[in-house]
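# Structural overview
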Amino acid sequence: MSLLSLTGVRREVPLPDGSVLPVLTGVDLDVAPGEHVAVVGRSGSGKSTLLNILGLLDTPTAGAYLLDGEPTDRLRARRRARLRGEVFGFVFQQFNLLPRRTAAENVAAPLLYARGRAFLTRGRAAREVLDRVGLGARADQVPERLSGGEQQRVAIARALVRRPRVVLADEPTGALDVETGARVMALLTEITAETGAALVTITHDLSVAALAGRRYRLEAGLLAPLDAPADLHAATAARTGTGLVGTGQVGAVPPGEAPA
Ligand SMILES: Nc1ncnc2c1ncn2[C@@H]1O[C@H](COP(=O)(O)OP(=O)(O)OP(=O)(O)O)[C@@H](O)[C@H]1O
Ligand SMILES: [Mg+2]
């Protein structure tokens, strides 16, 4: 069974003049546990809208979204919020860290609403995951003392601290230079593979998409498979000056991933 399953998902937004803007017009997407899927598309094509629907931050106008086989359209607000926090970890382009909190406090923040042991041990949990992203020594710094790449690693640690089953990343390298972005992405791919979390990455960077086991393009409100390994390889080589990891495995099933 798919972990996430969208069928015929539409999302329309009402415009001030009374008309509606069709953002998603019939999206089908299945994501299995542990799988890494990338979605590319132009600015305004609806990528964030799609990711927000997957993360229960937005709801489809029509169509079905099943989470663990359960329809999400009738979830009550409280259960929806709980599932959002338990199942998903979010990484955004602009890091979204709390400026006056240390790295460790930022990473522990999602556990402030946890109960029992998870709440009591949040400080230790935060430090463990900061260690994992290579920032154990910077745990007590505030974000402005950290580089962009380091801030995004803090954001990744925050996304992982509740051990989500799915990490949703919206342009995670969008605010980073090419080389830092490639390193951050490699780390995110590696850690999610290690923890068995599925990873859905939204990007307009083909070299970032090349790291995923499956790739799609969002265009005219629809998802189409993106299957041009040669293009991906060329884009990657052009941007990084190397053939990046992952491009040799295009079409292969990554470890731990069930064949579609
Ligand atoms: N609440 C809203 N009200 C009006 N228009 C909206 C709303 N949400 C999204 N849109 C429009 O829907 C379209 C898709 O937006 P979305 O943010 O999903 O695009 P995107 O692919 O993530 O773009 P970018 O790459 O620039 O982040 C855009 O034209 C946007 O202006
Ligand atoms: Mg967006």
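Residues numbered from 1 in each chain as written. Chains lettered and ligands numbered in written order. Predicted model: local features only at pLDDT ≥ 70, side-chain atom pairs only at ≥ 80, totals over all residues.

## Notes on the environment of D227
Residue placement: D227 occurs in the loop between strand 10 (222-225) and helix 9 (229-240). Sequence separation of D227 and Y216 is eleven residues, and the distance between their C-alpha atoms is 8.0 Å. (Helix = DSSP H or I, 4+ residues; strand = E, 2+ residues; numbered from the N terminus.)

## Re the site of ligand 1
In the vicinity of ligand 1, the residues found are V13, L21, V23, G41, S43, G44, S45, G46, K47, S48 and T49. Going through the elements one at a time, strand 2 (20-31) and helix 1 (47-54) are the ones with two or more residues in the shell around ligand 1. With three residues, the single largest contributor to the shell around ligand 1 is helix 1. (Near = placed C-beta within 6 Å.)

## Side note on helix 7 (residues 178-195)
Taking 1.5 Å of rise per residue, the 18 residues of helix 7 would be expected to cover 26 Å, and the 26 Å separating its terminal C-alpha atoms lies within 8% of that figure. Taken as a whole, helix 7 has its buried residues at G181, A182, V184, M185, L188, T189 and T192. Mapping the buried residues of helix 7 onto a view down its axis gives an arc of 165 degrees, with all of them on the same face. Trailing helix 7 by a residue or two, G196 shows a phi angle of about 80 degrees, which is positive. (Expected span 1.5 Å × (residues − 1). Buried ≥ 20, exposed ≤ 12 C-beta atoms within 10 Å, placed from the backbone. Arc of directions from axis to C-beta.)

## Details of the packing of helix 6 (residues 148-160) against helix 7
The interhelical angle for the contact between helix 6 and helix 7, taken along N-to-C directions, is 15 degrees, at an axis separation of 10 Å. Between helix 6 and helix 7, the angle is such that the two are roughly parallel. Like other packed secondary-structure pairs, helix 6 and helix 7 cross with a definite hand, here right-handed. Across the interface between the two elements, G148, G149, Q152, R153, I156 and L160 of helix 6 pack against T180, R183, V184, L187, L188, I191 and T195 of helix 7. For the contact of helix 6 with helix 7, the residue count by class is six nonpolar, five polar and two charged. (Axes fitted to C-alpha atoms, helices over the stretch in contact; angles between N-to-C directions. Parallel < 35°, antiparallel > 145°, perpendicular 65-115°, else oblique. Left-handed = near helix turned anticlockwise from the far one by under 90°. Contact = placed C-beta atoms within 7 Å. Nonpolar A, V, L, I, M, F, W, Y, C, P; charged D, E, K, R; others polar.)

## Describing helix 6
For the α-helix, the turn length of 3.6 residues means that residues three or four positions removed from each other point alike. The terminal C-alpha atoms of helix 6, which comprises 13 residues, lie 18 Å apart, in line with the 18 Å expected from a rise of 1.5 Å per residue. With eleven of its 13 residues buried, helix 6 lies for the most part within the structure. Listing the buried residues of helix 6 in full gives E150, Q151, Q152, R153, V154, A155, I156, A157, R158, A159 and L160. Looking at the buried side of helix 6, the elements it contacts are strand 6 (88-92), helix 3 (103-108), helix 5 (122-132), strand 7 (166-170) and helix 7.

## Thoughts on the pairing of strand 1 (residues 4-14)
Bridge count for strand 1 against strand 2 is nine bridges, and the pairing is antiparallel. Of the residues in strand 2, the one forming a bridge with S5 is D30. Count of turn residues in the strand 1/strand 2 antiparallel hairpin: five residues, of which G18 carries a positive phi of about 95 degrees. Where strand 1 and strand 4 (residues 62-67) come together, five bridges link them in antiparallel fashion. Note on strand 4: the bridge partner recorded for L6 is Y65. (Pairing = 2+ DSSP bridges.)

## Things to note about unusual backbone geometry
With a phi angle near 55 degrees, D68 is a residue other than glycine that sits in the positive phi range. Judged by the 14 C-beta atoms lying within 10 Å of it, D68 is partly exposed. Located in the positive-phi region is N96, a residue other than glycine, with phi close to 55 degrees. Counting through the fold element by element, N96 comes out in the loop between strand 6 and helix 3.

## Brief notes about the confidence of the model for the chain
A residue-level look at the chain finds 87% of positions with pLDDT of 70 or above and a mean pLDDT of 89. Below pLDDT 50 for its whole length, residues 242-260 participates in 32 contacts with residues either more than four positions away or in separate chains. (pLDDT = per-residue confidence, 0-100.)

## As for the environment of G69
Positionally, G69 belongs in the loop between strand 4 and strand 5 (70-71). Distance in space between the C-alpha atoms of G69 and M1 is 7.0 Å, their sequence separation being 68 residues.

## Here we look at the sheet that holds strand 5
With antiparallel pairing, the four strands of this open sheet are ordered in space as 2-1-4-5. At either margin of the open sheet sits one strand with a lone partner, and together these are strand 2 and strand 5.

## A look at the sheet that holds strand 10
A sheet is described by the order of its strands in space; here six strands give the open sequence 6-7-8-3-9-10, paired in mixed fashion. Each having just a single partner strand, strand 6 and strand 10 make up the two edges of the open sheet. Shown here is a sheet whose adjacent strand axes are inclined to one another by a mean of 20 degrees, direction ignored. As judged from the five bridges shared by strand 3 (residues 36-40) and strand 8 (residues 198-203), these two strands associate in the parallel manner. When the bridges of strand 8 are listed, A38 appears paired with T201. Across the face of the sheet, helix 7 comes into contact with strand 3, strand 7 and strand 8 while running at roughly 160 degrees to strand 8.

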